[in-house]
Amino acid sequence: MINVSLNNEPAELSDKTLLSEALKQWEYGDQKLAVAINGEFVPRSRYGDITLQEGDHLDIVKPVGGG
Amino acid sequence: MSRDSLTLYGETFDSRFLLGTALYTSPTIMRDALQASRCDIVTLGLRRQNPGDRSGDAFWQYIRASGCKLLPNTAGCKSVKEAVTLAEMSREMFDTPWIKLEVVGDDYNLQPDPFGLVEAADELTKKGFKVLPYCTDDLIVGQRLLDVGCEVLMPWGSPIGTGQGLLNRYNLRTLRERLPNVPMIIDAGLGAPSQAAEAMEMGFDGILLNTAVAKAHEPPLMAEAFADAIDAGRKAYHAGLMERRQTASPSTPTIGQPFWHQS
């Protein structure tokens, strides 16, 4: 198992979990979202290529009202 | 008057009112305010959200249904790195290269950090973004933002959410006079439609605000009031304001004044 941070909350994943698999596991489904890992933007096209690592910090954002 | 469109980055808009989508008491109130405002462009943001939280779904549906152009922001970012990353996330999320660039320099008044702003604008422009920077009213900062490729400036009227109107008219007039061909939108700090009309009378090209509408007792009615004020101010700018005078000057003819006798 590895420990990561999901939106600043601790989360556990199996070793060698792909980002696309983690998003399914966390039940984001088809929600409109964007992802950054360790402060770096991750394009949607790479979700299936990226293997999450111990200590990764994931930011998963959605649209909200803004001024 | 012939059609008086707002042109930003080569796109034209009938409305000169850009409206924020935060702080409304419900998504339906926001939807009604957007309709009443007659706006063509709305601002919105990105925030962390956990999987089970679907609270933003209605918001997003109303935004899409509005048909407005989306102008995502980088609100809350305090560094160039944060702002650039959030802009990249926004570009993918909303499928637009347009970004309202905010780099906060001070927590107390949410004043833009001019140095970080220019650096972030430079980086984002090179990455193909159309940057609309939320900036102070400083002429040199405006010039530096243009130097790095911004085609629009969005100087503040006063700090975000204060409703204090145009705090530094000298700086704003200087900006307008020295950069006459640059589209400039007064962004933030306006609390009353009269303040928006004043900015438009000064020759600014548009108004972006959020709190003054969202926090009104009747947001749709206030949105309409701002829209009317912005239209009125624009017409007054085109019509040309009279020069101010120190002394009174009668408007009714003095020739033929009754009851007047030469003493």
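Residues numbered from 1 in each chain as written. Chains lettered and ligands numbered in written order. Predicted model: local features only at pLDDT ≥ 70, side-chain atom pairs only at ≥ 80, totals over all residues.

Colleague: For this particular structure, what's the right way to read the overall build of chain B?
Modeller: For chain B, the helix and strand inventory stands at 9 helices and 10 strands. Overall size of chain B, expressed as C-alpha extent along the three principal axes, is 90 × 40 × 40 Å. Nonlocal contacts in chain B, meaning residues at least 24 apart in sequence, comprise 64% of its contacts between residues at least 6 apart. (Helix = DSSP H or I, 4+ residues; strand = E, 2+ residues; numbered from the N terminus. Contact = placed C-beta atoms within 7 Å.)

Colleague: Can you walk me through the interface of chain A and chain B in this structure?
Modeller: Where interface size is given, it is often the accessible area lost as the parts come together that is meant. Taken together, the 21 residues of chain A in the interface contact 29 residues of chain B. For the side of chain A that touches chain B, the secondary-structure elements that each account for two or more residues are strand E3 (34–37), strand E4 (40–42) and strand E5 (57–65) of chain A. The element contributing the most residues to the side of chain A that touches chain B is E5 of chain A, with 7 residues. In terms of residue class, the side of chain A that touches chain B is made up of 10 nonpolar, 5 polar and 6 charged. The pairing of E5 of chain A with strand E4 (residues 41–48) of chain B spans 5 bridges and is classified as antiparallel. Considered in E4 of chain B, the bridge of Val-61 of chain A is made with Arg-48 of chain B. (Nonpolar A, V, L, I, M, F, W, Y, C, P; charged D, E, K, R; others polar. Pairing = 2+ DSSP bridges.)

Colleague: How do you make sense of the sheet that holds strand E6 (residues 98–101) of chain B when you look at a structure like this?
Modeller: As a general point, the strands of a sheet are linked pairwise by backbone hydrogen bonds and lie either parallel or antiparallel. All names here are of chain B. Spatially, the 3 strands line up as an open sheet ordered E6-E7-E8, and their pairing is parallel. Single-partner strands in this sheet number two, and they are E6 and strand E8 (154–155). In this structure, E6 lies alongside strand E7 (residues 130–135), joined through 4 bridges in parallel fashion. Looking at the pairing, Trp-98 lines up with Lys-130 of E7. Against the sheet, helix H4 (residues 114–126) makes contact with E6 and E7, and its axis sits at roughly 175° relative to E7, the strand it touches most. (Axes fitted to C-alpha atoms, helices over the stretch in contact; angles between N-to-C directions.)

Colleague: Teacher, can you tell me more about the packing of helix H1 (residues 27–37) of chain B against helix H9 (residues 219–239) of chain B here?
Modeller: Axis angle and axis distance: for two packed helices, these are the angle between their axes and the distance between the axes, and together they describe the pair. Residue and element names in this part refer to chain B. For the pair H1 and H9, the least separation of the axes is 8 Å and the interaxial angle reads 20°. Classified by the angle between their axes, H1 and H9 sit roughly parallel to one another. Seen from above, H1 lies across H9 with right-handed handedness. Packed against H1, whose contacting residues are Ile-29, Asp-32, Ala-33, Ala-36 and Ser-37, the element H9 presents Pro-219, Pro-220, Ala-223, Glu-224, Phe-226 and Ala-227 at the interface. Here the residues of the contact of H1 with H9 are counted per class, giving 8 nonpolar, 1 polar and 2 charged. (Parallel < 35°, antiparallel > 145°, perpendicular 65-115°, else oblique. Left-handed = near helix turned anticlockwise from the far one by under 90°.)

Colleague: Please clarify how unusual backbone geometry should be interpreted in this entry.
Modeller: Trans is the common state for peptide bonds, and a negative phi is the common state for residues other than glycine. Phi is positive for Asn-38 of chain A, which is not a glycine, with a value near 50°. Tracing the backbone through its elements, the reader meets Asn-38 of chain A in the loop between E3 and E4. Positive phi outside glycine occurs at Arg-38 of chain B, with the angle close to 60°. Locating Arg-38 of chain B in the fold gives a position in the loop between H1 and E4. Assessed through the 18 C-beta atoms surrounding it within 10 Å, Arg-38 of chain B is described here as partly exposed. (Buried ≥ 20, exposed ≤ 12 C-beta atoms within 10 Å, placed from the backbone.)

Colleague: Is there a simple way to think about the packing of H1 of chain B against helix H2 (residues 57–66) of chain B in this case?
Modeller: Residue and element names in this part refer to chain B. Relative orientation of the contacting elements H1 and H2 amounts to 15°, with a least axis distance of 9 Å. One finds that H1 runs roughly parallel with respect to H2. For the pair H1 and H2, the crossing hand works out as right-handed. Only Ala-58, Phe-59, Tyr-62 and Ser-66 of H2 make contact with H1, whose side of the interface consists of Pro-27, Met-30, Arg-31 and Leu-34. Per-class residue counts for the contact of H1 with H2 are 6 nonpolar, 1 polar and 1 charged.

Colleague: Is there a simple way to think about H9 of chain B in this case?
Modeller: Residues that lie three or four places apart on an α-helix share one face, since the helix turns once every 3.6 residues. Residue and element names in this part refer to chain B. Compared with the 30 Å implied by 1.5 Å per residue over 21 residues, the 30 Å span of H9 between its first and last C-alpha is a close match. The set of residues buried in H9 consists of Pro-219, Met-222, Ala-223, Ala-225, Phe-226, Ala-227, Ala-229, Ile-230, Gly-233 and Arg-234. Those residues of H9 that are buried lie in contact with strand E3 (17–20), H1, helix H7 (193–201), strand E10 (206–209) and helix H8 (211–214). After H9 finishes, the residue Gly-240 shows a positive phi value of roughly 90°. (Expected span 1.5 Å × (residues − 1).)

Colleague: I would appreciate a short explanation of the nonpolar core in the present structure.
Modeller: Looking at soluble globular proteins, one finds that nonpolar side chains tend to be buried together. Residue and element names in this part refer to chain B. Counting 88 residues, the largest nonpolar core has Leu-101, Ile-207 and Phe-226 as its most contacted members. For this core, the element with the highest residue contribution is helix H3 (residues 80–94), accounting for 8 residues. Excluding residues that lie within four positions of it along the chain, Leu-101 makes contacts with Thr-74, Ala-83, Leu-117, Ala-120, Ala-121, Leu-124, Val-131, Leu-132, Pro-133 and Tyr-134. (Core = buried A, V, L, I, M, F, W, Y, C linked by C-beta atoms within 7 Å.)

Colleague: I would appreciate a short explanation of H1 of chain B in the present structure.
Modeller: Of all the residues in H1 of chain B, the buried ones are Met-30, Arg-31, Ala-33, Leu-34, Ala-36 and Ser-37 of chain B. Those residues of H1 of chain B that are buried are in contact with E5 of chain A together with E3, E4, H2, H8 and H9 of chain B.

Colleague: Would you mind going over the environment of Leu-6 of chain B with me for this structure?
Modeller: All names here are of chain B. With respect to the element layout, Leu-6 can be found in strand E1 (residues 6–8). Distance from Leu-6 to Leu-46, taken between C-alpha atoms, is 26 Å for residues 40 residues apart in sequence. Apart from residues lying up to four places away in sequence, Leu-6 is in contact with Thr-12, Phe-13, Arg-16, Asp-205 and Gly-206.

Colleague: Whenever I open this one, the pairing of E3 of chain A confuses me. Can you help?
Modeller: One face of the sheet, then the other: side chains in a regular strand alternate in exactly this way. All names here are of chain A. For E3 and E5, the ladder comprises 4 bridges, and the chain directions are antiparallel. Counterpart to Ile-37 in the pairing with E5 is Leu-58. By the bridge criterion, 3 bridges tie E3 to E4 in an arrangement that is antiparallel. When the bridges of E4 are listed, Val-35 appears paired with Val-42. Remark: 2 residues form the turn of the hairpin made by E3 and E4, two consecutive strands paired antiparallel; Asn-38 in that turn has positive phi of roughly 50°.

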